[in-house]
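Summary of the model geometry
Each chain is listed here by its residues.
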Protein chains: 2
Amino acid sequence: MLDTQIIQKLQAIVGPAYFKTDQETLVTHSYDGTPMLQSLPDGVIYPATTAEVSAIMKVLSEYRIPLVSRGSGTNLCGGTVPLQGGIVMVMHRMNQILEIDRQNLTATVQPGLITKQFIEQIEAIGLFYPPDPSSMAISTIGGNIAECSGGLRGLKYGTTKDYVIGLEAVLANGEILRTGGKLMKDVAGYDLTKLLIGSEGTLAVITEATLKLIPPPVYKKTMLAMYKDIQGAASTVSKIIENRIIPATLEIMDNPTIRVVNDFAKLGLPLDMAAILLIEQDGDQEAVERDIARISDICESEGAASVSIASTQEEALKLLTARRSALTALARLRPTTILEDATVPRSRIADMVMAINRIAEKYNVTICTFGHAGDGNLHPTATTDARDHEEIERVEKAFEEIFEAAISFGGTITGEHGVGVVKAPFLEWKVGSAGIQLMKGIKDAFDPHHILNPGKLFAKESRRRVVVQHG
Amino acid sequence: MLDTQIIQKLQAIVGPAYFKTDQETLVTHSYDGTPMLQSLPDGVIYPATTAEVSAIMKVLSEYRIPLVSRGSGTNLCGGTVPLQGGIVMVMHRMNQILEIDRQNLTATVQPGLITKQFIEQIEAIGLFYPPDPSSMAISTIGGNIAECSGGLRGLKYGTTKDYVIGLEAVLANGEILRTGGKLMKDVAGYDLTKLLIGSEGTLAVITEATLKLIPPPVYKKTMLAMYKDIQGAASTVSKIIENRIIPATLEIMDNPTIRVVNDFAKLGLPLDMAAILLIEQDGDQEAVERDIARISDICESEGAASVSIASTQEEALKLLTARRSALTALARLRPTTILEDATVPRSRIADMVMAINRIAEKYNVTICTFGHAGDGNLHPTATTDARDHEEIERVEKAFEEIFEAAISFGGTITGEHGVGVVKAPFLEWKVGSAGIQLMKGIKDAFDPHHILNPGKLFAKESRRRVVVQHG
């Protein structure tokens, strides 16, 4: 419960309409895209300007009140659940494109801008902003920056961190920090821009971002390759890269995912395939045609049962939309869907998929796997039921073993979803105790009283590692 | 002077041949590529393994002895001058390519590897590592990482930070940190990899790096455009980008630079031009030919006096070599050459060049300007004489005003050379007092006793800003 004086101070900053403490608003902001996590905030605030954010932080800092800044809350790591109560700051009113600079190929935007709306406006003027997380229809640019979101085009074009070149952010004490700028090169001190990207709201509140835009590819081609064994699909991925072709998109769906997506999107996919690869190349027409032809050859020599090239853009879009709908489709199967993003070097995709299947069988749980095969970023997804505690325990054990397997293959516990609260107990497995200590030191430097998104990234206790043998 | 006990401990780690305290060795390691800076270390150590680096750091940490790690010392910011004495650690014995992984398109290397040797070995097997600082014939990969080096290909391909995806580093206390990996996506906690890149040896000693490789472009074309006024050259740069063409290289040389380079490399360049643009595009042949044709049209419509396309690779190489030799050529003019790298948004190139000329005139000093016009990274270079203190004072005032101008155009004090000691007094102009405080906090988290490259990045006193009016 907030003190009346604090409520009055916050209302004075944003106006009474934009600071809410009614039960409905609190409940609405007590959870995010992550299943089985809920915690009520004490208030929800909707700032309109950087100055308001700064004033709010000064009040919260004075009274040591926790602050969780958020966009649409589509994250899957519990990143925006207000674990310790306090204030949830919703950035949706700060949703403007402040400037598109065609001479410098940059856009300056506010954090509450919806990613897809931004991408569409940029494409309408003949430019390109590649990061395309699957949540982009509702996720915000600010949320994408906080989580360093990836997407289907990450393999060729990189992720959010490759496109953010300047930030304005409000620190825990209300000070305003400006980093980078419309600059392709800037080595003035430590790279605070990159440090804030992916910091999950634990270091500062992002209030403005300068984004790099690039010329769009002029031509695009999409193809599907289907495999009766997963090994063939995985070795196709390795062979494509080894042949020095970097496709724009290189996605994999395993058999359970194919069945569900097919049912959801009515695609008429064959249901006896172990895996499908969805491959897209873009660029100049000549180069795209050449790459697609070479990729087709590789698919066939690696034993694809069928290879088909989309003949129209509509057909291609249908395929891509199907892949993007995988989570939605899987979510219809059972009450609870838990989607993870264990990531490995791309040469270890086959090992990882086989490990996931073995682990799922061991714990008798259903795990479908799809994801960005080209960059080794897989999404093993459990369909389960939160009300069945015994089953949930098995699912959690299975995921623990999946993270362990990813690490043992030289991978990481999260490729694009973030650590949040869900993966905090596993962070030390990836970064070591030295890494954890350094990260805590960085946190202290930015937020000495730990009021920014407390309880995230750093777990009270690291999980002990299970001993797993991998072939 | 080092205590005998410490000398014995260090010799026991690397063997007596690899820890030196003789005067000749100390003097040789008392300076780097930066003019007018010298400070004697107390000893020079040459480790062969990460374990040795760790053992050395444990000793130095125990006795609070400063450590400056370095490669070839080609930096231009005084980054490797041992300002507070202590130990210089030369990484040249750790110079191996540990692995080239063709399936994952990565190379794992030691920090003492010479950049050009690495690039040549990578190109020999049909792969590509783009960062190409002008010093690459002698600079090391470790030094490139410490400074986040750029180069001529930065515009299209990015700089060192875009290619380092994993690091092994030894912390001040001797602990070994491992970050990232052979992973195209990894959001497990704060991005320590990117934080270490460009940290100028102040946070840790880099002992191993995993680098991303890419497929090489198959075709390349080089052209020159010459202008009788600088404005035409600058507006050509903006127009090329605005037309959504990103050349591989887009370099500018002003008249004084043209004269010197021409004399040095015997190129037969016309000496009455105000500026020359050197432009290179690479990629698929069809796309390159199209881009070069469109760039030629833009050059002509922006008033180029002459546009010529290199007809052979030899001719192109000659042009590029001439540009790369600019510093060497300028260095022959007078005893002391001071090269800076004020950087602005690329749309402000003309403003910046004109400001540099105005400032040089005001202080009656000779400043030639060349650099990476495409990414706004200019190298105003003063030819002077360190023995003439009165002139040096004017040169320093001129550079101070040049940094001020860069900041006022939305630019930065350093695009690719680093802060070191030379630009430490100006860092606050770019990052603000909040930025400085955060950076100091990060420094404390990594190196609580300030033994790693002390006296760098953070100045005792920030320079007060000159009040300059820019049109």
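Rules used throughout
Note that residues are indexed from 1 along each chain, following the sequence as it is written. To read the labels, note that chains go from A and ligands from 1, taken in the order they are written. The predicted nature of this model means local features are confined to residues of pLDDT at least 70 and side-chain atom pairs, given and counted, to a pLDDT of 80 or more, with totals for whole chains, interfaces and linings taken over all residues. The side-chain values count all of the structure's non-hydrogen atoms but skip hydrogen atoms and water molecules. UniProt positions are given in the numbering used here, feature names are shortened, and annotations may be inferred rather than shown by experiment. The rule for pairing is simple: two strands pair if DSSP sees at least two bridges between them. Elements are defined by DSSP. Helices are runs of H or I of four residues or more, strands are runs of E of two residues or more, and each kind is numbered from the N terminus. Where helices are involved, their axes are fitted lines through C-alpha atoms of the stretch in contact, as for all axes, and angles between N-to-C directions lie from 0 to 180°. Multiplying one less than the number of residues by 1.5 Å gives the expected span of a helix. Think of it in three bands: residues with accessible area under 20% of the maximum for their type are buried, residues over 50% are exposed, and the middle band is partly exposed, with areas taken using a 1.4 Å probe on protein chains only. Contact criterion: two residues are considered in contact whenever any of their non-hydrogen atoms come within 4.5 Å of each other. Note: buried area is the sum, over both parts, of the accessible area (probe 1.4 Å) each one loses when the two are combined. Any carboxyl oxygen of Asp or Glu that lies within 4 Å of a side-chain nitrogen of Lys or Arg is treated as forming a salt bridge with it. Just so you know the grouping, Ala, Val, Leu, Ile, Met, Phe, Trp, Tyr, Cys and Pro go in nonpolar, Asp, Glu, Lys and Arg go in charged, and all remaining residues, Gly too, go in polar. Where each domain begins and ends follows an automated or database-derived domain assignment. Two N or O atoms form a polar contact when they lie within 3.5 Å of each other; inside protein one atom must be a possible hydrogen donor and the other a possible acceptor, and for residues adjacent in sequence the pair counts only when both atoms belong to side chains.

The name given to chain A in an unreviewed UniProt entry is FAD-binding protein, and the organism recorded there is Paenibacillus whitsoniae. Recorded in UniProt under Sequence similarities (unreviewed entry), the annotation for chain A is "Belongs to the FAD-binding oxidoreductase/transferase type 4 family." Of chain A, the UniProt comment under Cofactor (unreviewed entry) reads exactly: "FAD".

1. Observations concerning the sheet that holds strand β10 (residues 219-227) of chain A
All names here are of chain A. Read from one edge of the open sheet, seven strands run β13-β10-β12-β11-β15-β16-β14, paired in antiparallel fashion. Taken across any chain shown, the strands that pair with only one partner, and hence form the sheet edges, are β13 (306-309) and β14 (336-339). Pairwise comparison of adjacent strand axes, ignoring direction, gives a mean angle of 15° for this sheet. In this structure, strand β11 (residues 249-254) lies alongside strand β15 (residues 367-372), joined through two bridges in antiparallel fashion. Residue Met 253 lies in a different strand from β15, and its bridge partner there is Phe 370.

2. A closer look at helix α13 (residues 349-362) of chain A
All names here are of chain A. Under the 1.5 Å per step criterion, the end-to-end length of α13 is 20 Å for 14 residues, consistent within 8% with the ideal 20 Å. The set of residues buried in α13 consists of Ile 349, Ala 350, Met 352, Val 353, Ala 355, Ile 356, Ile 359 and Ala 360. Looking at the buried positions of α13, the neighbouring elements they touch are α8 (230-242), β15, β16 (377-384) and α14 (389-408).

3. A look at the interface of chain A and chain B
Counting from both sides, the interface comprises 83 residues of chain A and, opposite them, 83 residues of chain B. Surface buried jointly by chain A and chain B totals about 6300 Å² across both partners, of which 63% is contributed by carbon and sulfur atoms. Three residues stand out in chain A for area buried against chain B, namely Lys185(A), Val187(A) and Tyr190(A), and they jointly supply 16% of the buried area on that side. Between the two partners, chain A and chain B, sit eight salt bridges. Measuring nitrogen to oxygen at the nearest pair gives 3.3 Å for the salt bridge that ties Lys185(B) to Asp375(A). Sorting the residues of the side of chain A that touches chain B by element identifies β8 (176-180), α7 (192-196), α8, α10 (285-301) and α15 (427-446) of chain A as the ones contributing at least two each. With 13 residues, α15(A) is the largest single contributor of residues to the side of chain A that touches chain B. Looking at the side of chain A that touches chain B, its residues break down into 34 nonpolar, 27 polar and 22 charged.

4. Details of the environment of Val261(A)
All names here are of chain A. Among the structural elements, Val 261 can be located in helix α9 (residues 255-265). Separated by 146 residues in the primary sequence, Val 261 and Thr 115 place their C-alpha atoms 24 Å from one another. Sequence-distant contacts of Val 261, defined by excluding residues within four places in its chain, comprise Met 253, Lys 266, Leu 267, Ala 322, Ser 325, Ala 326 and Ala 329.

5. Regarding the domain arrangement of chain A
All names here are of chain A. As assigned here, chain A comprises domain 1 (1-216), domain 2 (219-329) and domain 3 (333-446). For domain 2 versus domain 3, the separation of C-alpha centres amounts to 24 Å. The interface of domain 2 with domain 3 comprises 18 residues on the first partner and 19 residues on the second. Considering only the side of domain 2, the residues that lose the most area to domain 3 are Ile 230, Ile 252 and Leu 327, jointly responsible for 28% of the buried surface there. Counting across the interface, domain 2 meets domain 3 through zero salt bridges. Taken together, the links from domain 2 to domain 3 amount to six residue pairs in polar contact (both at pLDDT 80 or more). Mapped onto the side of domain 2 that touches domain 3, the elements with two or more residues apiece are α8, β11, α9 and α12 (326-331). Top element by residues in the side of domain 2 that touches domain 3 is α8. It accounts for six residues. Across the side of domain 2 that touches domain 3, the residue classes tally to 12 nonpolar, three polar and three charged.

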